[in-house]
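Letter by letter, the chains look like this.
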Amino acid sequence: MSRVLLCQRDELAPGELKKVTHSEGDAICVYNLGGTFYATTDMCTHATASLAEGDLEDDLITCPVHWGQFHVPSGKAVTFPCERHLRTYKVIVTDREVFADVALEADEALAAANSPV
């Protein structure tokens, strides 16, 4: 398992997000959606823009450049001009810390990929 420390559990309040840089690869955006943590690649798949600078509403992140949107739990592109999905990461939460396993996709992304719809 290749874990990357994203933040302390109490560092991000519900509805907040932040960019995390690390040595394992691309920057990661970590989100707290109602007390559940999610992680995706930070870079929009449509334009060179940090999603951590975008707007988070409910479970959608809006790119700050062209206003395309992604569903955070699954990484799915849901609003034009974004058409390519985001890379997601499996999140591991301990008593105090939030990690991403950069070798694994989020469970929600895997379920969406296996969905017949």
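Procedures and definitions
- Residues numbered from 1 in each chain as written.
- Predicted model: local features only at pLDDT ≥ 70, side-chain atom pairs only at ≥ 80, totals over all residues.
- Heavy atoms only, no water.
- Core = buried A, V, L, I, M, F, W, Y, C linked by side-chain atoms within 4.5 Å.
- Buried < 20%, exposed > 50% of the residue type's maximum accessible area, 1.4 Å probe, protein only.
- Helix = DSSP H or I, 4+ residues; strand = E, 2+ residues; numbered from the N terminus.
- Pairing = 2+ DSSP bridges.
- Axes fitted to C-alpha atoms, helices over the stretch in contact; angles between N-to-C directions.
- pLDDT = per-residue confidence, 0-100.

Draft legend 1. Region of the structure containing the nonpolar core. The biggest cluster of nonpolar side chains holds 16 residues, and the ones touching the most others in it are Y31, C44, L51, L56, I61, F70 and V72. Looking at which element gives the most residues to this core, the answer is strand β3 (residues 28–33), with three residues. Of all hydrophobic cores here, the second largest spans 13 residues; its members include V20, Y89, V98 and V102.

Draft legend 2. Quick peek at the sheet that holds strand β5 (residues 55–57). With antiparallel pairing, the four strands of this open sheet are ordered in space as β5-β6-β7-β8. The open sheet has two edge strands with one neighbour each: β5 and β8 (77–79). Shown here is a sheet whose adjacent strand axes are inclined to one another by a mean of 30 degrees, direction ignored.

Draft legend 3. Main features of the confidence of the model for the protein. For the protein, mean pLDDT is 90; residues scoring 70 or higher make up 91% of the total. For the protein, the element scoring lowest by mean pLDDT is helix α1 (residues 107–113), at 67; β3 scores highest, at 98.

Draft legend 4. Structural view of the sheet that holds strand β4 (residues 36–41). Within the open sheet, the six strands sit side by side as β1-β10-β9-β4-β3-β2. Their pairing is antiparallel. Both outer strands of the open sheet, β1 (3–8) and β2 (17–20), are each paired with one neighbouring strand and no more. For this sheet, the mean angle separating the axes of adjacent strands, direction not counted, is 30 degrees. In this sheet, strand β10 (residues 97–101) lies alongside β1 in antiparallel orientation, the contact comprising five bridges. Along β10, the bridge assignment pairs R3 with D101.

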